[in-house]
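Commentary on secondary and tertiary structure
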Amino acid sequence: MIFRDLAFALWVSLKTSGLAALAASLLAVPAALALAGADFRGKRALLLINQTWMAAPTVVIGLLFYSLLSRSGPLGRLGLLYSQTAITLGQIFLILPLITGFSYTALRQVDRRARVTALTLGASRRQAGWVVLREARFALLIAVLAGFARAVSEVGIAMMLGGNIRHVTRNITTAIALETSKGEFTNGVILGVILLVVTLGINVFVTIGAKGKD
């Protein structure tokens, strides 16, 4: 695998997974905050559904979005199949329950007195929510990174929705699958190590940055 192919595959992995983690976080964190801050009928059912969704195989999610985005599907007119956008959409759906579940656990561990104190001092519900988010910011960051790691390492969705097209949708994981299918196991291992090193570097950088702001 030449350097240009490797660089592009790595870029696709980081781009699609990064966008997926960002979009999923914008949906998951507010949902987790709402679940953690209130008790209502059906809450346990929602949490159970979220836990079940967390265990959904990537191939099933890929098949679901393939049926939606294919020419015969309801969203086929958008022409998104075999594109980076399609991969990102599938990954959002994949990691949304993961970030929601981890964020919910993080927010539930925040001392309830933080929210009560903020409300007592005249803060609005939204401002009190920001207080809780601030208290759990490091744990929430870990939840987002876990979602990113899950997205960047999956192969089923990327293969089914991206098509593994060279210089278009091929990412590191689909490149590993391709090299392995050709019997180039050494190249597959090298690509895997590169992906692990890059992901580790991002996690270390973000973690150090977050601690520096504490």
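Attention here is on the structure that accompanies the text. Chains are numbered independently. Their residues run from 1 in the order of the written sequence. The predicted nature of this model means local features are confined to residues of pLDDT at least 70 and side-chain atom pairs, given and counted, to a pLDDT of 80 or more, with totals for whole chains, interfaces and linings taken over all residues. Just so you know, side-chain values use all the structure's heavy atoms and leave hydrogens and water out.

1. Brief notes about the side chain of Thr-100
Each helix is a run of DSSP H or I of at least 4 residues and each strand a run of E of at least 2, with the numbering of both proceeding from the N terminus. Structurally, Thr-100 is set in helix α4 (residues 84–108). Pairs of residues are marked as contacts when any of their non-hydrogen atoms sit within 4.5 Å. For Thr-100, the contacting residues outside a window of four places in its chain are Ala-28, Ala-32 and Asn-50.

2. Quick notes on the environment of Ile-202
Here Ile-202 lies in helix α10 (residues 185–212). Residue contacts for Ile-202: discarding those within four places in its chain leaves Leu-14 and Phe-148.

3. Quick word on the nonpolar core
Put simply, buried Ala, Val, Leu, Ile, Met, Phe, Trp, Tyr and Cys residues joined by side-chain atoms within 4.5 Å make one nonpolar core. Partly exposed residues are those whose accessible area sits between 20% and 50% of the maximum for their type, while under 20% is buried and over 50% is exposed, using a 1.4 Å probe and protein chains only. Formed by 27 residues in total, the largest nonpolar core has its most connected members in Ala-24, Ile-61, Ile-95, Leu-161 and Ile-172. Contributing elements (two or more residues each) for this core: α1 (3–36), α3 (58–69), α4, α7 (137–153), α8 (156–162), α9 (172–181) and α10. Considering every element that reaches this core, the biggest residue donor is α1, with seven residues. The contact partners of Ile-61, leaving out residues within four places of it in the chain, are Ala-56, Gly-90, Phe-93, Leu-94 and Ile-157. In terms of nonpolar packing, the next biggest core, distinct from the first, is built from 14 residues, Leu-47, Val-110, Leu-133 and Leu-140 among them.

4. Examining α3
If you check α3, its first and last C-alpha atoms are 16 Å apart, about what twelve residues at 1.5 Å a residue would give, namely 16 Å. Within α3, the full set of buried residues consists of Thr-58, Ile-61, Gly-62, Phe-65 and Leu-69. Viewed end-on, α3 has its buried residues packed into an arc of 100°, placing them on one side of the element. The exposed set on the far side of α3, more than 90 degrees from its buried face, consists of Val-59 and Leu-63. Buried residues belonging to α3 abut α4, α7 and α8. Helix span is expected to be 1.5 Å times the residue number reduced by one. Read the arc as the range of directions from the helix axis to the C-beta atoms.

5. Quick word on the layout of surface pockets
In this approach the atoms are scanned with a rolling probe the size of a water molecule, which exposes any empty space left behind. In the cavity and pocket records, a cavity denotes points on a 1 Å grid over the protein atoms alone where a 1.4 Å probe fits but cannot get out, a pocket denotes an open set with protein on both sides within 12 Å along at least 5 of 7 lines, and lining residues are residues with an atom within 4 Å of a point. Grid points are joined across faces, edges and corners, and a volume is the space filled by probe spheres set on the points. Of the pockets and cavities examined, the largest pocket occupies roughly 480 Å³. As for the largest pocket, its lining consists of 17 residues, of which Ser-25, Val-29, Leu-140, Leu-141 and Val-144 are closest to the centre. Under the convention adopted here, Pro, Cys and the residues Ala, Val, Leu, Ile, Met, Phe, Trp and Tyr are nonpolar, Asp, Glu, Lys and Arg are charged, and Gly plus all remaining residues are polar. Residue classes in the lining of the largest pocket are distributed as 13 nonpolar, two polar and two charged.

6. Quick word on unusual backbone geometry
The backbone of Tyr-82 shows a phi angle near 65°, a positive value even though the residue is not glycine. Tracing the sequence through the fold places Tyr-82 in the loop between α3 and α4. Tyr-82 gets classed as partly exposed once you look at its relative accessible area, which sits at 39%. In this structure, Asn-164 takes a positive phi of about 55° despite not being glycine. You can see Asn-164 is positioned in the loop between α8 and α9.

7. Some details on the packing of aromatic side chains
Pairs were defined over the aromatic rings of Phe, Tyr and Trp, the Trp ring being its six-membered one, requiring ring centres within 6.5 Å. Orientation was assigned from the angle between planes: stacked under 30 degrees, edge-to-face over 60, tilted for the rest. Applying the stated criterion across every chain yields a total of two aromatic pairs. When the centroid spacing of 4.7 Å and the interplanar angle of 45° are considered together, the rings of Trp-53 and Phe-93 count as tilted. Residue Trp-53 is located in helix α2 (residues 43–54), and its partner Phe-93 is located in helix α4; the two are separated by 40 residues in the primary sequence. Residue Trp-53 is classed as partly exposed on the basis of its relative accessible area of 23%. We classify Phe-93 as partly exposed; its relative accessible area is 28%. Counting every residue linked through ring pairs, the aromatic cluster contains Trp-53, Phe-65 and Phe-93.

8. Some remarks on the pattern of salt bridges
For this analysis, a salt bridge means a side-chain nitrogen from Lys or Arg found within 4 Å of a carboxyl oxygen belonging to Asp or Glu. Across all of its chains, the model carries three salt bridges by this definition. Between Asp-39 and Lys-43 there is a salt bridge, and its shortest N-O distance comes to 3.1 Å. Residue classification places Asp-39 among the exposed residues on the basis of a relative accessible area of 66%. Judged by its relative accessible area of 7%, Lys-43 is buried. With its nearest N and O atoms 3.5 Å apart, the salt bridge here joins Lys-182 to Glu-179. Judged by relative accessible area, which is 7%, Glu-179 ranks as buried.

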